[in-house]
Amino acid sequence: RAAESLAGAFYGVGIELGYINGTVGVVAPLKGMPAEQAGVKSGDMIIHIKDERKGLDEDTSEWTLNDAVNNIRGERGTTVTLTLLRPDEKPEPFTVDIVIDQIVIPSVELEFVEKSGKNVAHVSLSRFGERTHDEWEDIVKEILSRKSSLSGVVLDMRNNPGGFFDGAVEIASEFIDNDVVVYQQSQFTKQPFKTNGEARLADLPLVVLVNRGSASASEIVAGAL
């Protein structure tokens, strides 16, 4: 699971799972992923799952969320059938066939927010993974293309559990010019890790958001900034 998280991709149907009225259910279908394309909606309760390839044909009433995650995932191109309840729209349970595919979850997302006459780039950084560098490059280019109209940047690392150390130095280097990001210290040595970028966003006003779920690489970036 840790490797999948850092890779930002796995095979499944694209559902964020949780409990809805005590039943395994859909907190949100991921945008553009197989479940959403099959018509699954936020709030749907999953009461039964069938996967002929696995020999699975079970109610979910005794399942944990981990059981549901493991049983909905599978091999690319195979089909899993969910029996759903949608009380507000449909009086009876109904089934949805979903073809399992690669699920890609971006580690960086950008939204431009306008409020009180100010235009702000809100950057959500959820982990420091294998795809972060390329995704970050695209986002920085978009921010720079609108730089003249921006009042600042919000770097949102709430619930970011960390990831690759080099990624932390790289992200901090966008905001800090020619300085130390972090020291690695042992009993006899103290090694500095300096910024290695062009500080492309250093002159924009910045707000950093963290919470108790921010750890590891995200703490390094937040501490440096």
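Conventions we followed
Residues numbered from 1 in each chain as written. Predicted model: local features only at pLDDT ≥ 70, side-chain atom pairs only at ≥ 80, totals over all residues. Heavy atoms only, no water. Helix = DSSP H or I, 4+ residues; strand = E, 2+ residues; numbered from the N terminus. Buried < 20%, exposed > 50% of the residue type's maximum accessible area, 1.4 Å probe, protein only. Contact = heavy atoms within 4.5 Å. Areas by Shrake-Rupley, 256 points an atom, 1.4 Å probe, with all protein chains shown as cover. Lys, Arg positive; Asp, Glu negative; His and termini not counted. Charge placed at Lys NZ, Arg CZ, Asp CG, Glu CD. Polar contact = N/O pair within 3.5 Å; in protein donor to acceptor, adjacent residues only side chain to side chain. Phe/Tyr/Trp six-rings, centres within 6.5 Å; stacked < 30°, edge-to-face > 60°. Lys NZ or Arg CZ within 6 Å of the ring centre and 35° of its normal. Pairing = 2+ DSSP bridges. Axes fitted to C-alpha atoms, helices over the stretch in contact; angles between N-to-C directions.

K.L.:
Can you walk me through the overall build of the chain in this structure?
P.N.:
Across its full length, the chain holds 6 helices and 14 strands. Its C-alpha atoms give the chain principal-axis dimensions of about 60 × 50 × 30 Å. Among the 225 residues that make up the chain, the fraction classed as buried is 39%. Once local pairs closer than 6 in sequence are excluded, the contacts in the chain between residues at least 24 apart make up 62%. Total accessible area on the chain stands at roughly 12600 Å², and carbon and sulfur atoms take up 46% of it. Between the mean site of the 22 positive side-chain charges and the mean site of the 35 negative ones, the chain shows a separation of 4 Å.

K.L.:
For this particular structure, what's the right way to read the environment of Arg-76?
P.N.:
Tracing the chain through its elements places Arg-76 in the loop between α3 (65–72) and β6 (79–85). Look past the residues within four positions of Arg-76 in its chain and what remains in contact with it is Tyr-11, Ile-100, Asp-101 and Gln-102. One polar contact links Arg-76 to Asp-101, side chain to side chain, over a distance of 2.7 Å.

K.L.:
What is the right way to look at the side chain of Asp-44 in this model?
P.N.:
Tracing the backbone shows Asp-44 in the loop between α2 (34–37) and β4 (45–51). Engagement of the side chain of Asp-44 in a polar contact is seen with the backbone nitrogen of Lys-41, the distance being 2.9 Å. Side-chain polar atoms of Asp-44 contact the side chain of Arg-86, separated by 2.7 Å. Excluding residues that lie within four positions of it along the chain, Asp-44 makes contacts with Ile-20, Gly-25, Val-26, Leu-84, Leu-85 and Arg-86.

K.L.:
Help me understand the packing of aromatic side chains, please; the structure alone is not making it clear to me.
P.N.:
How two aromatic rings sit relative to each other is set out by the distance from centre to centre and by the angle between their planes. Across all of its chains, the model carries 2 aromatic pairs by this definition. Taking the centre distance of 4.8 Å and the plane angle of 80 degrees together, the rings of Phe-165 and Phe-193 count as edge-to-face. Linking Phe-165 in helix α5 (residues 165–172) with Phe-193 in strand β13 (residues 190–194), this pair joins segments that are 28 residues apart in sequence. A residue is classified by how much of its surface remains accessible, and Phe-165, at 30% relative accessible area, is partly exposed. Here the guanidinium or amino end of Lys-90 rests over the ring plane of Phe-94, the centre of that ring lying 5.0 Å away.

K.L.:
Explain the pairing of strand β2 (residues 15–20) to me, please; I cannot follow it from the model alone.
P.N.:
Side-chain positions along a regular strand alternate between the two faces of the sheet. Judged from the 6 bridges that link them, β2 and strand β3 (residues 23–29) form a sheet pairing that is antiparallel. Bridge pairing links Leu-17 to Val-26 in β3. Counted along the chain from β2 to the antiparallel partner β3, the turn is 2 residues long, and its residue Asn-21 has a positive phi close to 55 degrees.

K.L.:
I tried to follow the sheet that holds strand β10 (residues 118–125) on my own but got confused; where do I start?
P.N.:
Strand pairs in the sheet, formed through backbone hydrogen bonds, run parallel or antiparallel to each other. Strand order in the open sheet made by the 4 strands is β9-β10-β11-β14, with mixed pairing throughout. The two strands at the open ends of the sheet, each matched to only one other strand, are β9 (108–115) and β14 (206–209). The sheet shows a mean angle of 20 degrees between the axes of neighbouring strands, taken without regard to direction. Taken together, the 4 bridges between strand β11 (residues 152–156) and β14 define a ladder with parallel strand orientation. The residue of β14 that forms the bridge with Val-153 is Leu-206.

K.L.:
Quick question: what am I supposed to make of the environment of Glu-114 here?
P.N.:
Its place among the elements puts Glu-114 in strand β9. With 78 residues separating them along the chain, Glu-114 and Glu-36 place their C-alpha atoms 28 Å apart.

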